[in-house]
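If you want the building blocks of each chain, they are given just below.
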Amino acid sequence: MALTPTWRLRAAFARRLSAMYGTEVPAYTTLLEVTGQINDEVAGRDPDAGRLGSLDRVTAERHGAIRVGTPTELRQAGQVFAALGMHPVGFYDLRDGDVGAVPVVSTAFRPLDATELDRNPFRVFTSLLTTGDRRFFDADLESRLTAFLARRRLFPPELLDLAARAEREHGLDEAAAERFLTLAVDAFTLSTEPVDRAWYAELERISAVAADIGGVTTTHVNHLTPRVLDIDALYRRMEERGITMIDRIQGPPRWAGPDVLLRQTSFRALAEPRTFRDPDGRLTRGALRVRFGEVEARGIALTRTGRARYDALTAETDRRTAGRPDAERQATARTLWERDFPRTEAQLHAERLAFFTYRPVADRPRDGRRPPADRAALLADGWLTAHPLVYEDFLPRSAAGIFRSNLTGDGTRDPHRDGTPFDAHRLAEALGRPVHDPFAGYAAQQDRSLRAALTALGADEA
Ligand code: OOG
Ligand code: NI
């Protein structure tokens, strides 16, 4: 029987999840509509619109977000995503006060190779509740939370078996693929199970995120994000359609220079009717705000040096505009960027602040000269062209901003207690899979393309 290969499973999963989310969260459908219009408009007027991804890729592109409670659940989520060719990339610690003060650590599951990303770049930002973190949970609450989480099962064994088989065999036959996709979408659909009101409220006092993760017996996609080519236009048009957006676009400011990294914004979670079990055992109606809409624009991937420049600019903007309205923050950011950040791709390249791939120029006039040894000279003399790599990952501060803008309250947190040490290594242990370093991935892609281009030119290593 014909095998449905990994990437087709991934594309089908992304499509089905999107269809499911559209029926559950109607504002998401509006968001998709507006995103589609804007992408068509930009593609129609800007010949460079496809520079950071073809319109086909951008149109299909989504990221989702889920939150889990235990290392076992994280490992199981990792198994489901591995079946889809999605691997953990990056470690994001959102617990610290200056990042976000949210009791989770996160990674993003996504395809690694350029070919796979082109086929379908679906990603899922996945967060693990840090139940042992004393800044948020005391020992008593931690033990009750751990016991509650140990009793639930997010992923049925049949789903995990199919996922393991899909990973091993790089796909599934048609019937198994169908079953796998149904079970996988189900695992991320909002449950109709009654919510224990007292337990949920107790966790909510600590953190709305803790309640969303540990206050219920299931998980759910909490947002699904399309990619837009002009996020400022999108923001205005969503407001015109009567959908209230959060007060800012996270990430770099809008400015005249190159788009880098990631800009994101969202609309607030809507109150959705849910059934609760009250302390006296009665079932009553209520509402929870746990699912929202987000949209993003992606720019060029920065090197570690470029990223340090970005982080420094963000910190300086914060310092100058603490407590000021967002319009002022944007204006200040723009001024600082114009002073300190390269205004052209060529300059980003020259200062090695961003990642590029290279192509040999096939029809360069043959003037008898040998290609120079140095990368900058190869470009300047027209032997190579450089094409920026799109940023495929996330930003911790933006992520925390997205979390926080959708919390009902700030919760309580005692900054004087110790946090549990948690790093990429420990996350990898919990997952039972390596956590890939995003910078290393972009650098490897850049190096490979440079070597191939030099070989094609018959030049020495640059
Ligand atoms: C995840 C928030 C982070 C992003 O795009 O930065 C995120 C969450 O709310 O669970 O998705
Ligand atoms: Ni997101």
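Residues numbered from 1 in each chain as written. Chains lettered and ligands numbered in written order. Predicted model: local features only at pLDDT ≥ 70, side-chain atom pairs only at ≥ 80, totals over all residues.

Let's talk about unusual backbone geometry
Condition: Helix and strand definitions here come from DSSP, where helices need a minimum of 4 consecutive H or I residues and strands a minimum of 2 consecutive E residues; each element is numbered from the N-terminal end. A residue is called partly exposed when the number of other C-beta atoms within 10 Å of its own lies between 12 and 20, exposed at 12 or fewer, and buried at 20 or more, with C-beta atoms placed from the backbone.
Look at H170: it is not a glycine, yet its phi comes out positive at around 60°. Among the structural elements, H170 can be located in the loop between α7 (157–169) and β6 (171–173). Overall, the presence of 13 C-beta atoms within 10 Å leaves H170 in the partly exposed class. In this model, L261 sits at a positive phi of 50°, which is unusual for a non-glycine residue. For L261, the position within the fold is in the loop between α11 (231–240) and β9 (262–267). Given 22 C-beta atoms within a 10 Å radius, L261 is considered buried.

Things to note about the domain arrangement of the chain
We count it as follows: Domain boundaries shown here were taken from an automatic or database domain assignment.
Partitioning the chain into structural domains gives domain 1 (3–299 + 393–431), domain 2 (302–342) and domain 3 (355–388 + 438–462). Inter-centroid distance (C-alpha atoms) of domain 2 to domain 3 is 32 Å.

A closer look at the site of ligand 1
Cut-off, in case you're wondering: Here is the check we use: build the C-beta atom from the backbone, and if it is within 6 Å of the molecule or strand, call the residue near. Put simply, Ala, Val, Leu, Ile, Met, Phe, Trp, Tyr, Cys and Pro go in the nonpolar bin, Asp, Glu, Lys and Arg in the charged bin, and everything else, Gly too, in the polar bin.
Around ligand 1, the structure places A65, R67, F125, S127, N222, Q264, E294, F394, S398, A399, I402 and F403. Every element with two or more residues in the shell around ligand 1 is listed here: β2 (62–68), β5 (123–129) and α16 (396–405). Among the elements that line the shell around ligand 1, the one with the most residues is α16, at four residues. Along the lines of polarity and charge, the residues of the shell around ligand 1 split into six nonpolar, four polar and two charged.

Topic: the sheet that holds strand β8 (residues 223–226)
Quick note on the threshold: Pairs of strands are assigned from DSSP output, requiring at least two bridges between the strands. Angles run from 0 to 180 degrees between N-to-C directions of axes, and those axes are lines fitted to C-alpha atoms, restricted for helices to the stretch in contact. Here, residues touch in the contact sense if the C-beta positions derived from the backbone fall within 7 Å of one another.
Strand order across the open sheet formed by five strands is β3-β4-β5-β2-β8, with mixed pairing between neighbours. On the outer flanks of this sheet lie β3 (87–93) and β8, each paired with one strand and no other. When the angles between neighbouring strand axes are averaged without regard to direction, this sheet yields 20°. In this structure, β3 lies alongside strand β4 (residues 104–110), joined through five bridges in antiparallel fashion. Along β4, the bridge assignment pairs Y92 with S106. Packing of helix α17 (residues 424–431) onto the sheet brings it into contact with β3, β4 and β5, and relative to β3 it is tilted by some 135°.

Focus: the sheet that holds strand β11 (residues 283–288)
One open sheet holds the three strands; their spatial order is β7-β10-β11, and the pairing between them is mixed. Looking at the sheet topology across the chains shown, the edges are occupied by β7 (195–196) and β11. Relative to β11, strand β10 (residues 272–277) runs antiparallel, the two sharing six bridges. Paired with F276 across the two strands is T284, which belongs to β11.

Thoughts on the environment of G286
Within the secondary structure, G286 is located in strand β11. Residues G286 and R274, 12 residues apart in the sequence, show an inter-C-alpha distance of 5.3 Å. The residues touching G286, leaving out its near neighbours within four places in the chain, are R274 and F276.

Points about the pairing of β8
Each regular strand carries side chains that alternate between the two faces of the sheet. Of the two faces of β8, both are covered, the one formed by H223 and T225 as well as the one formed by L224 and P226. The pairing of β2 with β8 spans four bridges and is classified as antiparallel. Residue pairing in the sheet places H63 in a bridge with T225 of β8.

Focus on the environment of G281
Within the element layout of this structure, G281 appears in the loop between β10 and β11. Along the sequence, G281 and D196 sit 85 residues apart, while their C-alpha atoms lie 9.2 Å from each other.

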